[in-house]
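# Close look at the chain arrangement
So you can see what is in the structure, the chains are spelled out below.
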Amino acid sequence: MNIIFLGAPGAGKGTHAARLMAEKGFPQISTGDMLRQNIAEGSALGLAAKGYIDAGELVPDEVVIGMVRERLAQPDAQNGFVLDGFPRTVSQAVALEELVRIDVVLNLKVTQQTVLERLGGRRICAACGKVFHASRLQDDQVCPLCGGQLIQRADDKPETILHRLEVYREQTEPLIAHYQKTGLLKSVQVDGEAEKNYRDIMKALGI
Ligand code: AMP
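Reference entry: report on the structure contained in this document. (Residues numbered from 1 in each chain as written. Predicted model: local features only at pLDDT ≥ 70, side-chain atom pairs only at ≥ 80, totals over all residues. Heavy atoms only, no water.)

## Things to note about the site of the ligand
As a structural note, the neighbourhood of the ligand is formed by 16 residues, with Thr 31, Arg 36, Glu 57, Gly 85 and Gln 92 the closest of them. The separation between a nitrogen atom of the ligand and a polar main-chain atom of Val 59 is 3.0 Å. Summarising the interface, the protein chains cover 96% of the accessible area of the ligand, which totals 480 Å² for the free molecule. Here the element with the most residues in the shell around the ligand is helix 2 (residues 31-41); it accounts for 4 residues. Each residue belonging to the shell around the ligand can be placed in one class, and the counts come to 6 nonpolar, 4 polar and 6 charged. (Near = heavy atom within 4 Å. Polar contact = N/O pair within 3.5 Å; in protein donor to acceptor, adjacent residues only side chain to side chain. Areas by Shrake-Rupley, 256 points an atom, 1.4 Å probe, with all protein chains shown as cover. Helix = DSSP H or I, 4+ residues; strand = E, 2+ residues; numbered from the N terminus. Nonpolar A, V, L, I, M, F, W, Y, C, P; charged D, E, K, R; others polar.)

## Side note on the nonpolar core
With 32 residues, the main nonpolar core has Leu 83, Leu 96 and Tyr 179 as its most contacted residues. Top contributing element to this core by residue count: helix 4 (residues 61-72), with 5 residues. The residues touching Tyr 179, leaving out its near neighbours within four places in the chain, are Ile 4, Leu 6, Pro 87, Ala 93, Leu 96, Glu 97, Val 105, Leu 184 and Leu 185. Formed by 17 residues, the second largest nonpolar core is a distinct cluster that contains Ile 3, Phe 5, Leu 20 and Leu 205. (Core = buried A, V, L, I, M, F, W, Y, C linked by side-chain atoms within 4.5 Å. Buried < 20%, exposed > 50% of the residue type's maximum accessible area, 1.4 Å probe, protein only. Contact = heavy atoms within 4.5 Å.)

## Considerations on the side chain of Asn 38
Examined against the element boundaries, Asn 38 turns out to sit in helix 2. Discounting chain neighbours no more than four positions away, the residues touching Asn 38 are Ser 43, Leu 45, Gly 46 and Met 67.

## Comments concerning the sheet that holds strand 1 (residues 2-7)
Spatial strand order, 2-3-1-4-8: 5 strands in an open sheet with parallel pairing. Because the sheet does not close on itself, it has two edges, and the strands there are strand 2 (28-30) and strand 8 (185-189). Along the sheet, successive strands turn relative to each other by an average axial angle of 25 degrees, direction set aside. Pairing between strand 2 and strand 3 (residues 81-84): 3 bridges, direction parallel. (Pairing = 2+ DSSP bridges. Axes fitted to C-alpha atoms, helices over the stretch in contact; angles between N-to-C directions.)

These results come straight from atomic positions and should not be treated as a statement about function.
Right, dumping it as structure tokens:
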């Protein structure tokens, strides 16, 4: 099944895509993770993307479309995948339609309050990549799983979160109407607790 997770920053796209990958084997294709990986490696693409990401702006379409085109050509993406964070503009969606068939677009709906709470407290382990919420950690500097250092994403600073929400509303939200027209769109309200949200997502996907 070829799935798109659509939704505002903080909706839980990455969390649920990672679980779907672990349980059902669909690779999680996260453009945000791929861009951060490029930044960490110091590649030309990473250098070009860093300023946009840190400012909460979208990286130019041609950069992400090229990256996704290469990723979708990999052998593990031939039997289903979850796209997490792509497409984020109508142009990206149109380019994607030329690359691959999509079976379902799942719109993860959240309130602004949920986004601010989740992203404001988000901490990520620099060593194992696991994501936590500061309110559930005894020590918000150390990973409870591997002992690695917990970091806050540069774009999770309060003023950048608000800007990312604006960018989402202006550039990504129009995708909801776009996919409604194609009949592929399903929506799930995911403000509550992760376990219930995951069950609702699985129910909506019918798997
Ligand atoms: P994410 O991890 O999905 O929240 O993405 C983090 C940042 O990476 C975004 O705020 C953008 O700057 C950039 N990014 C990720 N995916 C895309 C995309 N499909 N188009 C443009 N920029 C993207």
